Amino acid sequence: EKLNVVILFGGKSGEHDVSLESAASVYRAIDKDKYNIHTIGIAKNGKWAYCSCGPDEIQSGKWVEHEVEGSKINFIPSQKGSVGIELNDGSLVPVDVCFPVLHGPRGEDGTIQGLFEMAEIPYVGCKVLASSLAMDKIMFKKIMDFEGVPQVDYVYTTRFEFSDDPQGFADIAEERLRYPMFTKPANMGSSVGISKVGSRAELIEGVKNALEYDSKVVVEQGIRAREIEVAVLGNSEVEASVAGEIIPCKDFYDYEAKYLANESKTLIPAGIDKELENTIREMAIKAFKAIDGSGISRIDFFVEHESGTVYLNEINTMPGFTKISMYPKLWEATGVGYRELIDKLIKLAMEK
Ligand code: ADP
Ligand code: MG
Ligand code: MG
């Protein structure tokens with residue numbers, strides 16, 4: 001008896017195209033002897049479509065032309081046994097598990113996870129609370145402070161407070177932090193809306209820019225640091241991969257350095273000594289458990305150049321998942337191949 005797996009991809013967020021790449025990769029690698037694969041795409045305008053397509057159509061964006069006309073996606077149970085995909089002949093494909101290969105707001109922020117909870121469909125990855133905590137940089141920092149996990153200093157503001165008194169907020173930031181600082185929208189990813197600022201005028205500009213993406217903004221102490229990442233896997237029993245390192249091709253790892261320039265490098269294992277690596281792996285597991293994470297996450301750290309101090313940067317609950325993305329590569333280097341990794345994630349989804 002094969003499990004019916006839905007690969008869900010696309011989405012309205014700025015990370016739509018990244019999602020297509022990841023989903024095509026999952027489709028190519030997933031064990032077709034074990035699973036029936038169904039594909040549901042979310043277009044950039046937010047429209048959902050059940051489509052009959054393969055990985056090439058997903059990757060190229062042509063999947064929209066392969067929508068199965070007349071089919072309906074019934075994810076909210078109106079009556080018992082009605083959850084799944086209803087085909088045009090009226091028959092129902094039950095969905096056993098969903099793999100939401102979606103990034104950013106409305107993908108890894110708990111909203112779609114809430115939909116799966118309502119429909120009682122098992123799904124890969126973190127649940128509602130962990131997803132939204134990891135997505136909101138301010139709430140995330142508060143939890144990590146509470147847990148005693150080291151982070152760079154920060155201050156934050158809201159659209160309402162800031163527009164009332166921008167100079168007052170700049171005073172508070174300058175009292176707490178030194179330039180350069182980083183201004184970030186609280187809820188975003190892929191470095192969208194983030195600026196490195198070197199003066200008061202730039203700070204105010206950076207906060208204004210971040211406010212275009214969210215009503216809350218965090219301002220962080222900018223540091224010179226190596227960027228170290230760890231992959232975690234598990235529900236109640238959590239394992240951490242070897243650590244990897246990002247070597248951005250630009251001043252910082254912005255959107256262009258991540259996806260466009262194609263010249264940023266990754267180093268696996270990271271160029272740090274074993275003792276430090278183990279400390280970081282333990283911190284990764286601690287942070288993941290602190291938000292009550294499940295399944296998958298990539299935990300990102302800074303190791304400051306001058307001092308060697310380790311700071312937690314963030315948790316990404318649905319990290320890039322192409323075969324050559326950091327998360328799968330970290331597991332590959334730890335001894336878990338890509339296909340096996342997908343298997344484990346589906347198993348963890350069913351157990352959660
Ligand atoms: P996102 O969730 O969009 O990936 P991050 O908080 O990871 O946002 O920031 C994106 C990148 O900006 C980081 O990978 C790093 O290169 C740089 N960066 C962010 N915060 C700092 C900081 N406090 N000091 C130095 N560099 C930073
Ligand atoms: Mg992020
Ligand atoms: Mg990041």
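Refer to the preceding data block for the structure.
Residues numbered from 1 in each chain as written. Chains lettered and ligands numbered in written order. Predicted model: local features only at pLDDT ≥ 70, side-chain atom pairs only at ≥ 80, totals over all residues. Heavy atoms only, no water.

**Comments concerning the nonpolar core**
Quick reminder of the rule: To define a nonpolar core, start from buried Ala, Val, Leu, Ile, Met, Phe, Trp, Tyr and Cys residues and group those joined through side-chain atoms within 4.5 Å. When accessible area is computed with a 1.4 Å probe and restricted to protein chains, residues below 20% of their type maximum are described as buried, those above 50% as exposed, and intermediate ones as partly exposed. Domain start and stop points were drawn from an automatic or database domain assignment. We call two residues in contact when some of their heavy atoms are within 4.5 Å.
Judged by nonpolar contacts, the single largest core of 43 residues is most densely connected at F99, F321 and I342. Lining this core are residues from two domains, each supplying at least three of them: domain 1 (3-123) and domain 2 (133-150 + 224-351). Ignoring any residue separated from it by four or fewer positions in sequence, one finds F99 in contact with V6, I7, L8, V26, V124, M318, F321, I342 and L345.

**Examining the sheet that holds strand β1 (residues 3-10)**
Worth spelling out the cut-off: Paired strands, in this sense, are two strands between which DSSP finds at least two bridges. Numbering of helices and strands runs from the N terminus; a helix is a DSSP stretch of H or I covering at least four residues, while a strand is a stretch of E covering at least two. A fitted line through C-alpha atoms serves as each axis, taken over the contacting stretch for helices, and the angle formed by two N-to-C directions is quoted from 0 to 180°.
Reading across from one edge, β3-β2-β1-β7 is the order of the four strands in this open sheet, with mixed pairing throughout. What marks the edges here is a single partner per strand, and that holds for β3 (48-51) and β7 (97-100). For this sheet the average axis-to-axis angle between neighbouring strands, irrespective of direction, equals 25 degrees. The strands touched by helix α12 (residues 338-351) within the sheet are β1, β2 (35-42) and β7, with β7 carrying the most contacts at an inclination of about 125 degrees.

**Some points on the sheet that holds strand β5 (residues 84-86)**
With antiparallel pairing, three strands are arranged side by side in an open sheet as β4-β5-β6. This sheet does not close on itself; its edge strands, each paired only once, are β4 (72-74) and β6 (92-93). In the sheet, β5 pairs with β6 via two bridges, with the strands oriented antiparallel. Across the sheet, residue E86 finds its bridge partner in β6, namely L92.

**Observations regarding the pairing of strand β11 (residues 216-221)**
Of all six residues in β11, five are buried, a share of seventy percent or more. Looking at chain direction, strand β8 (residues 154-158) and β11 are connected through five bridges and run antiparallel. Bridge pairing in β11 links T157 to V217. With five bridges connecting them, strand β9 (residues 181-185) and β11 associate as antiparallel partners. Its bridge partner being in β11, F182 is matched across the sheet by E220.

The quantities given are spatial measurements derived from coordinates; they are silent on function.
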